[in-house]
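Residue strings, one per chain:
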Amino acid sequence: MSSRRKFLKLSALGTTFLSGLYPIEQAFAGSLGKKAVNKPVVISTWDHGMPANDAAWKVLSQKGNALDAVEAGVRVPEGDPRVRTVGYGGYPDREGKVTLDACIMDKDSNCGAVAFLQHIKHPISVARKVMEDTPHVMLVGEGALQFALSKGFQKENLLTPESEKDWKEWMKESKYKPVINIENHDTIGMLALDANGDLAGACTTSGASYKMHGRVGDSPIIGAGLFVDNEVGAATATGLGEAVIRMVGSHLVVELMRQGNSPEKACKLAVERIIAKHKDVSDLQVGFIALNKQGEYGGYCIHKGFNYAVHTNSGKKLIDGKYKL
Ligand code: ASP
């Protein structure tokens, strides 16, 4: 056998061994009382994660499942017009249209997503319907809207007077250029571990403000904006979606946890990969949060200013994300 083939075989064995060992190790750790699983837990991006976590916690604390919890949780900022980066009241694209992206993933790797969806206040619930009632993972645009209407969702105007006013101001000075900076986006990504020890995640956004019409970011893309592997952990992203898509960011974070990294270390390594692959990150913000099967969590971002909300049995808090630059 050539040495290259031997190497490939050995590394394949090594990976199987390691990934197989990880859950067994956890089980031993649990039974020996070394590392009790911290559950339930819910974690979500930004300070609008605090009220969102409250809604998720209501489900989790009554032994509800992680999937119901994350859906209930992210519906809070989706429905709140004061949150200008998610759902109703979100900043529009440069044509003045509010277009929404969302995805959801459960413990069995089922997933559903909608992208470039207009007029529907709760895209996360449409994403869940795509997951549960269709053979597909993602519906976009007009097709997603027609599907939502067929499921009884109401068509609504999502552009609030405040967002319309800001967009008109932006039009005066912007020269119609989509904005790339570290501050014009704040998706909610939420991850939960329920009392049963199962994981789920949800991610929903109005995307980068004043983006080109038709632009879709990372948030509805399974593997980029969100990824859940119930054997290992879950991760979600916020920040400039284009950079996250290039690295398949959330999948990367979960795979780094599979290799034995803590949630925070996995997020840090993924952030470092993004920095390494971009020539100039001075205007580029990306943040990841992650949660593993033991209920350990963490987050990491490129620039100072990212925070995330956590709720466990010991209470709730808003944590400033550690940052690289
Ligand atoms: N990731 C989102 C996007 O690029 C924006 C954000 O996180 O706020 O659409």
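Only a predicted model underlies this, so the values are computations on that prediction, with no experimental measurement involved.

1. Looking at the sheet that holds strand E8 (residues 233–239)
At step 1: In spatial order, the strands read E7-E8-E9-E10-E13; together these five strands make up an open sheet with mixed pairing. Pairing within the sheet leaves two strands with one partner each, and these edge strands are strand E7 (226–229) and strand E13 (322–323).
At step 2: Two strands pair when backbone bridges link them, and strand E10 (residues 297–301) and E13 are joined in this way by two bridges, in the parallel orientation. The residue bridging Tyr 300 from the neighbouring strand is Lys 322, located in E13.
At step 3: Contacting E7, E8 and strand E9 (286–292), helix H8 (residues 249–258) crosses the sheet at an angle of about 145° to E8.

2. Description of the UniProt feature "binding site: substrate" (unreviewed entry) in the chain
At step 1: Residues annotated by UniProt as "binding site: substrate" (unreviewed entry) correspond here to Arg 215, Val 216, Gly 217, Asp 218, Thr 238, Gly 239, Leu 240 and Gly 241. For the largest cavity, the lining residues among the annotations just cited are Arg 215, Gly 217, Asp 218, Gly 239 and Gly 241.
At step 2: Looking at the element boundaries, Asp 218 is found in the loop between strand E6 (199–205) and E7.
At step 3: Leaving out residues up to four positions away in the same chain, Asp 218 has contacts with Ala 224, Gly 225, Ala 237, Gly 239, Gly 241, Val 244 and Ile 245.
At step 4: Relative to the elements of secondary structure, Leu 240 occurs in the loop between E8 and helix H7 (241–247).

3. Quick word on the UniProt feature "active site" (unreviewed entry) in the chain
At step 1: UniProt feature "active site" (unreviewed entry): in the numbering of this structure it lies at Thr 187.
At step 2: Summarising the element assignment, Thr 187 is placed in the loop between helix H6 (161–174) and strand E5 (188–193).
At step 3: Residues within four places of Thr 187 in sequence aside, it is in contact with Thr 45, Trp 46, His 48, Val 86, Cys 203, Thr 204, Thr 205, Ser 219, Ala 237 and Thr 238.

4. Describing the pairing of E8
At step 1: Summarising burial for E8: seven of the seven residues are buried, a large majority.
At step 2: With burial as the criterion, each face of E8 is covered, one bearing Gly 233, Ala 235, Ala 237 and Gly 239 and the other bearing Ala 234, Thr 236 and Thr 238.
At step 3: When E7 meets E8, the two strands line up antiparallel, connected through four bridges. From the neighbouring strand, Phe 227 faces E8, where its bridge partner is Ala 235.
At step 4: Connecting the antiparallel pair E7 and E8 is a turn made up of three residues.
At step 5: Where E8 and E9 come together, seven bridges link them in antiparallel fashion.

5. Details of the state of the cysteines
At step 1: Per the stated rule, a full pass over the model turns up zero disulfides.
At step 2: Considering cysteine sulfurs only, Cys 203 is the nearest to Cys 103, which forms no disulfide, with 5.3 Å between them.
At step 3: Relative accessible area serves as the criterion here: at 0%, Cys 103 is assigned to the buried category.
At step 4: With no disulfide of its own, Cys 267 lies 9.9 Å from the sulfur of Cys 301, the closest cysteine sulfur.

6. Some thoughts on the side chain of Asp 198
At step 1: Inspection of the secondary structure assignment puts Asp 198 in the loop between E5 and E6.
At step 2: The buried charged residue Asp 198 lacks any salt bridge partner; its closest oppositely charged side chain belongs to Lys 293, at an N-O distance of 4.0 Å.
At step 3: When neighbours within four sequence positions are excluded, Asp 198 is seen to be in contact with Ala 66, Lys 107, Ala 192, Leu 193, Asn 230 and Lys 293.

7. Regarding H8
At step 1: In terms of residue burial, H8 counts as a mostly covered element, since eight of its 10 residues are buried.
At step 2: Where H8 is concerned, the buried positions are Gly 249, Ser 250, Leu 252, Val 253, Val 254, Leu 256, Met 257 and Arg 258.
At step 3: At the C-terminal side of H8, Gly 260 shows a positive phi close to 105°.

Calculation rules
Residues numbered from 1 in each chain as written. Predicted model: local features only at pLDDT ≥ 70, side-chain atom pairs only at ≥ 80, totals over all residues. Heavy atoms only, no water. Pairing = 2+ DSSP bridges. Helix = DSSP H or I, 4+ residues; strand = E, 2+ residues; numbered from the N terminus. Contact = heavy atoms within 4.5 Å. Axes fitted to C-alpha atoms, helices over the stretch in contact; angles between N-to-C directions. UniProt positions renumbered as here; feature names shortened; annotations may be inferred. 1 Å grid on protein atoms, 1.4 Å probe; cavity = no way out; pocket = protein on both sides within 12 Å on 5 of 7 lines; lining within 4 Å. Buried < 20%, exposed > 50% of the residue type's maximum accessible area, 1.4 Å probe, protein only. Disulfide = S-S within 2.5 Å. Lys, Arg positive; Asp, Glu negative; His and termini not counted. Salt bridge = Lys/Arg side-chain N within 4 Å of Asp/Glu carboxyl O.

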